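Summary of the model geometry
Spelled out, the chains give:
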Amino acid sequence: MIRKGCGCVLELSPVALTIVACAGEAPALDALATSAGGYACRIAPDELWLLGAPGDGRRLLERARAGVVATGGLAETQTDAWSVYAAAWPEAAELFARLAAVPLGPERPVFVQCELVHVAGKALALADRLYLLVPSPVGHQLEERILHGCRDLAPRRGPPVDFGAPAPGAA
Amino acid sequence: MRIDFEGRAVEARPGDTIASALFRSGVRVFSRSFKLHRRRGLYCLTGDCPNCLMTVAGEPGVRTCMTPASAGVEVRRERGWPSPERDVLGILSHLGWLFPVGFYYKVLARPRWAWPQAERLVRALTGVGAVDPSATPRERESINDHPDVLIVGAGVAGLAAALEAAGSGRTAVVVDEGVPGETIAPGSTRSRLEALLADVRRADGVRLFERAAAIGVYEGPLVPVVTETLVHLVRPGQVVVATGAVEQHAVFEGSDLPGVWLARGASRLAGVHGLAPARRAVVAGATPELGDHVRVLRDAGVEIVAVAAPHGLELDLPDAGVVHPGASVLAARGRTGIAGVRLRSEAGERLIPCDGLILSTGLVPRDSLLRQGAGLAMTAAGDVTSPGCSLAEAEASGRRAVRGEYAASPSPGAQATGVASGGVVCLCEDVKARDLERAWSEGFRSTELLKRYTTATMGPCQGALCGPHLEAFARSKGAAGPASAATTARPPARPVRLEDAAAGVHLDVEHRTALHQRHLDLGAAMEWLGAWRRPEHYGDVLDEYWAVRRRVSIMDVGTLGKFLIGGPEATEFLERIYPCRVGDLEPGRLRYTLMLNEAGFVLDDGLICALPGGRFYCTLSSGGADVGEAWLRQWREFFDLKVNVLNRTAALGAINVAGPAARELLSGLADETIDAESFPHLRHRELDVAGVRCHVLRLGFVGELSYELHHAASESVCLWDALLGAGAELGIKPCGVEALRLLRLEKGHILVGQDTDFDSTPDAIGLGWTVRLDKDTFIGKRELERLSAIPTTRRLVGLTFDGESAPPEGAPLSVEGRHVGYLTSSRFSPVLGYGIGLGWLDSVGGRYPTAVRAADRAGTVTTGAFYDPEGVRLRA
């Protein structure tokens, strides 16, 4: 629980980033996770995401394709399929608890796939902030739910920010 | 501080509950009973009985004994006309014999027409508070919580458990219905509790939720905790139930009169609020607490005129003369409140005048949560497992419970004493002891059956007071085992508001395409299609329609399911998924296909586009993406093929450009030449359109020259604006879903889900040509082969209707008065000048009718497309 009166503000910022989704055989994806750069999130044994800053799109896609296409895998930019928002700790902890039933745990970084605002979403908790990802057709819903449903936390819309992982590596 | 009690100001002091403030102001009748309108006064003061339920700030059924008084709050009683003190329906309490348990199942069952009137009357005469339907709904939010330990109840045992959890480095949440200790009169218990509470407040990792109710235990365990601000959905590693015990409700004639108290409630009023519950009181009971209660009451100025206690109970009272060893209460007498108590002792029966009867006959575990969570990770501590245990025992049990050393099993608790026939067993539902007798005599011979027939235990207290009496009654009749066991405990254990039950539930998940705001800007009327919001029209459906037929239009079809499929065995995979041939599809070509289930029935439809490198781009209908993805992935696992699937639905937008001028429009915006020869029907290619990279599919769902532009969703707005701008000279219009429905119907194209049923085969809907039964295998093939040997008795047909309208969708089809099917789609066709439709038609005598009637209109059965059946226009 956030202690009121500490001057904390829940600021929700839309995040500009690149998402490259790779579908392929597990060994190829394992190799890609460590070599492609970007932030690697394992979605499934046969699916890997590479997250990067907005300008990293072409580079990540080329490396991803180089890593999986030879073995029949797929690599495509899925940036437009997801709406991504960021919030800073400690407010983000209560925010996440409002939205998701699963615990985040104390470890950082951590990547979880869970239901957010009643749709399948994902969360990436880094040391300095929490990223929430929901399918773009319901992106507005996440923002509305936070701004309306969490109004007791005095949420406000922050300026857009670029995705910035503190250090590359698999979550 | 003043509260507004039924229009008059009532003084409340700091620390007062609404109930204590009202009692101080002289209110003695707090409610009227559920059925018989008997007067009810304060009784338990622990939130366990229904007597103090009132409407507070417009909210009915509020337990005023647990609700702090706040300045200006409006409080009113819920029953009684002209006033609860003088309720004219109080006459019912003398006519109870006319309404024995279950009477309305029998007496009001015939004649049937009388029941609605009788039901209205029953509803008007019974019940408690009413919800104000004009009240503004309040939204409540929920929060998920994952402590290591959840402790329900902040008494001595619960607080000790919290300290044990903190000491072992675990996080804990402690919830209490009130403020810990606030209901306990000053004394050793309260002192110890306050000391523990101070430690808990200092402990790391322990959070204390005051005025919070744990309303149930679900699998997980999941325990919803309603606090004043949020509903916490607590999923702890362990639950410790330390909910204590409630004093046993006594059942004898007059035991529900105002002035009869459970002793802990009377002590609370006296010791905490400084109010004497009576001037002259009889105290009766058998618990070790009895002496303490007498002392607290005396300190508050109550004259104790008699103490009825069993032989051997050490009371340590200075004036032993008032003690009647071995005496028991036979009845309470009085009209508007208690005026005397009839005691029976070895010396005989005796009526003692008094205005209060304080009862401490036993303790019953408040174990509803414990029983709900049987089999889950739960332990228990304190009175709930050992009613009446000492402070030291309670503290030790709390610590043991957190260590898991205490098995959670409901205590048998105090054995309820027998019920006297005139007494009220269930205060909530006005069930008397004689009602139980009648139910038993009618064959309802177990606690569960008694509960259902009499509704005892089904009121706000959920059996906290009457449950043990039901069990005792069944045992007294010879029932054993499950027939006399406690009834099943179910959530909610405590009254819960509807807004709390719905907290955090938001079912209006609305999917929007990237062009949503553009549609709104253009004045679109939006409609729900599955989970999507789509433009139904932009103000003039007919104009949109003619734009497609005569000029050019654009339509947002970003809702289509879109998948990229690749891998060494992608072709083999799709050959098995789809009933059409896939292997012969060369890159750059596309094919319409159905998707069938294992039974050979139509699941969805869409397109397959062959890409270089053995990859495929496949589309499914709007709303089919989620099911489609699950379907593809599930079969991939089953087939164990080397195939990769990427769902591109949300990543890609799609705009359909349709109409005779579609090519002209695109030619002006594309980076390459677009003509009929280089880009014929059922082909697809990559193009830059208005600077946006598009995967362009040429097809014809609306029966005109059409191109679907699939592109990165983030560029949808740019592309849409460019198309609209460049098309202005061509008379371009955006087209909504309603125009689409008409356009595709003229072409005879089906909408899966609207024109198909769960058991529609390709043949039955006229799409048998899409199926290649000569393929080795595909999902549904075996069933289609079996079905092909049987003549169809029902098929989807086209229908035409004379006149300037069409029968409504869903209209039954008939031949000479015999029902032969129904319309699935129908519209008036502007271009044809008559009504058209699709509908399911049964064969009659082995032949399909050629003429039918629908909604009193004559219809002619047709086959194929109504408009441009040769497909000249879409192949242009």
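First things first, this report covers the structure right here in the doc.

Cut-offs applied
- Residues numbered from 1 in each chain as written.
- Chains lettered and ligands numbered in written order.
- Predicted model: local features only at pLDDT ≥ 70, side-chain atom pairs only at ≥ 80, totals over all residues.
- Heavy atoms only, no water.
- Pairing = 2+ DSSP bridges.
- Helix = DSSP H or I, 4+ residues; strand = E, 2+ residues; numbered from the N terminus.
- Axes fitted to C-alpha atoms, helices over the stretch in contact; angles between N-to-C directions.
- Expected span 1.5 Å × (residues − 1).
- Buried < 20%, exposed > 50% of the residue type's maximum accessible area, 1.4 Å probe, protein only.
- Arc of directions from axis to C-beta.
- Core = buried A, V, L, I, M, F, W, Y, C linked by side-chain atoms within 4.5 Å.
- Contact = heavy atoms within 4.5 Å.
- Buried area = accessible area lost by both parts, 1.4 Å probe.
- Salt bridge = Lys/Arg side-chain N within 4 Å of Asp/Glu carboxyl O.
- Polar contact = N/O pair within 3.5 Å; in protein donor to acceptor, adjacent residues only side chain to side chain.
- 1 Å grid on protein atoms, 1.4 Å probe; cavity = no way out; pocket = protein on both sides within 12 Å on 5 of 7 lines; lining within 4 Å.
- Points joined across faces, edges and corners; volume = space filled by probe spheres on them.
- Nonpolar A, V, L, I, M, F, W, Y, C, P; charged D, E, K, R; others polar.
- Patch = residues over 30% accessible without salt bridge, like charges linked within 9 Å, V, L, I, M, F, W, Y side chains within 5 Å.
- Areas by Shrake-Rupley, 256 points an atom, 1.4 Å probe, with all protein chains shown as cover.
- Right-handed = clockwise from strand over helix to strand, strands pointing away.
- Parallel < 35°, antiparallel > 145°, perpendicular 65-115°, else oblique.
- Left-handed = near helix turned anticlockwise from the far one by under 90°.

**As for the sheet that holds strand 17 (residues 260-262) of chain B**
All names here are of chain B. With respect to topology, five strands assemble into an open sheet ordered 17-24-18-19-20, the strand pairing being parallel. Each end of this open sheet is capped by a strand with a single partner; those strands are strand 17 and strand 20 (323-325). Neighbour to neighbour, the strand axes of the sheet diverge by 20° on average, direction disregarded. With three bridges connecting them, strand 19 (residues 303-309) and strand 20 associate as parallel partners.

**Some details on helix 9 (residues 391-402) of chain B**
All names here are of chain B. Taking 1.5 Å per residue, 12 residues should reach 16 Å; helix 9 reaches 17 Å between its end C-alpha atoms and fits that length. Of the positions making up helix 9, those classed as buried are A394, E395, S397, G398, A401 and V402. Summarising the axial view, the buried residues of helix 9 lie within an arc of 165°, below the 170-degree limit, and thus occupy one face. Remark: G404 follows helix 9 within two positions and exhibits a positive phi of approximately 75°.

**A few points about the nonpolar core**
All names here are of chain B. Counting residues in hydrophobic clusters, the biggest one holds 48 residues, and the most contacted among them are V260, V282, V341, L357 and L465. Here this core takes four residues from helix 10 (residues 433-441), the largest share from any one element. Excluding residues within four positions of it along the chain, L357 makes contact with F252, G259, V260, W261, V282, A284, V329, A332, I338 and V341. Judged by nonpolar contacts, the second largest core, of 44 residues, contains A19, L22, V75 and W261.

**Regarding helix 10 of chain B**
An α-helical segment advances 3.6 residues per turn. Residues three or four places apart therefore align on the same side. Residues and elements named next belong to chain B. For helix 10, the full list of buried residues reads A433, D435, L436, A439 and W440. With its buried residues spanning 155° around the axis, helix 10 presents them on a single face. Where helix 10 is buried, its residues touch strand 27 (424-426), strand 28 (431-432), helix 11 (447-454) and helix 12 (467-476). Looking one or two residues beyond helix 10, the residue adopting positive phi is G443, at roughly 105°.

**Focus: the interface of chain B and chain A**
On the chain A side, the residues contacting the 38 residues of chain B number 35 residues. Regarding the contact of chain B and chain A, the summed buried area is about 2,900 Å², with carbon and sulfur atoms giving 53% of it. Inspection of the chain B/chain A interface yields six salt bridges. Where chain B packs against chain A, one counts 18 residue pairs in polar contact (both at pLDDT 80 or more). If you tally residues by element for the side of chain B that touches chain A, the top one is strand 36 (residues 644-647) of chain B, at four residues.

**Details of empty space enclosed by the protein**
Residues and elements named next belong to chain B. Per the counting criterion, the structure on display carries three cavities of 30 Å³ or more. The computed volume of the largest cavity comes to approximately 50 Å³. Lining the largest cavity are G47, D48, C49, L53, R63, P460, C461, A493, R494 and P495. Its residues assigned to classes, the lining of the largest cavity shows six nonpolar, one polar and three charged.

**Observations regarding the side chain of R40 of chain B**
All names here are of chain B. Relative to the assigned elements, R40 resides in strand 4 (residues 39-40). Assessed through its relative accessible area of 1%, R40 is described here as buried. Reaching out from R40, the side chain makes a polar contact with the side chain of D256 at a distance of 3.2 Å. Apart from residues lying up to four places away in sequence, R40 is in contact with R28, V29, F30, S31, S33, N51, D256, P258, V424, L427 and D430.

**Observations regarding a nonpolar patch on the surface**
On the surface, W97, L98 and F99 of chain B cluster together to form a nonpolar patch covering roughly 330 Å² of accessible area. With respect to the helices and strands, the residue L98 of chain B is situated in the loop between strand 7 (74-76) and helix 2 (103-106).

**Some details on the pairing of strand 9 (residues 149-152) of chain B**
Residue and element names in this part refer to chain B. Here strand 9 shows no split at all, with V149 and I151 on one side and L150 and V152 on the other all buried. Relative to strand 10 (residues 172-175), strand 9 runs parallel, the two being bridged by four bridges. Bridged to V149 within strand 10 is A172. Traced from strand 9 through helix 4 (residues 156-167) to strand 10, the parallel crossover comes out right-handed. The pairing of strand 9 with strand 15 (residues 238-241) spans four bridges and is classified as parallel. Within the sheet, the bridge partner assigned to I151 lies in strand 15 and is V240.

**Some details on unusual backbone geometry**
Cis geometry marks the peptide bond from W89 of chain A to P90 of chain A, where omega comes out at 0°. Looking at the element boundaries, P90 of chain A is found in the loop between strand 6 (82-88) and helix 3 (91-99). Each neighbour pair has its own omega, and for R108 of chain A with P109 of chain A the value is -5°, a cis peptide bond. Despite not being glycine, T457 of chain B shows a phi value in the positive range, around 75°. Tracing the sequence through the fold places T457 of chain B in the loop between helix 11 and helix 12. Despite not being glycine, D640 of chain B shows a phi value in the positive range, around 55°. Following the sequence through the fold, D640 of chain B ends up in the loop between helix 17 (625-639) and strand 36.

**Notes on the sheet that holds strand 12 (residues 213-214) of chain B**
All names here are of chain B. If you trace the four strands from one edge of the open sheet to the other, you get 8-14-13-12, paired in mixed fashion. Of all the strands in the sheet, just strand 8 (142-145) and strand 12 have a single pairing partner and so form its edges. Judged from the four bridges that link them, strand 8 and strand 14 (residues 231-234) form a sheet pairing that is parallel. Residue pairing for strand 14: I143 is matched across the bridge by H232.

**Concerning the packing of helix 16 (residues 570-577) of chain B against helix 17 of chain B**
Residue and element names in this part refer to chain B. Between helix 16 and helix 17, the least distance of the axes is 11 Å, while the angle of their chain directions is 110°. The angle between helix 16 and helix 17 falls in the class roughly perpendicular. In the crossing of helix 16 with helix 17, the sense of the turn from one axis to the other is right-handed. Within the contact between the two elements, helix 16 uses F573, R576 and I577 and helix 17 uses L632, W635, R636 and F639. Of the residues belonging to the contact of helix 16 with helix 17, the class tally is five nonpolar, no polar and two charged.

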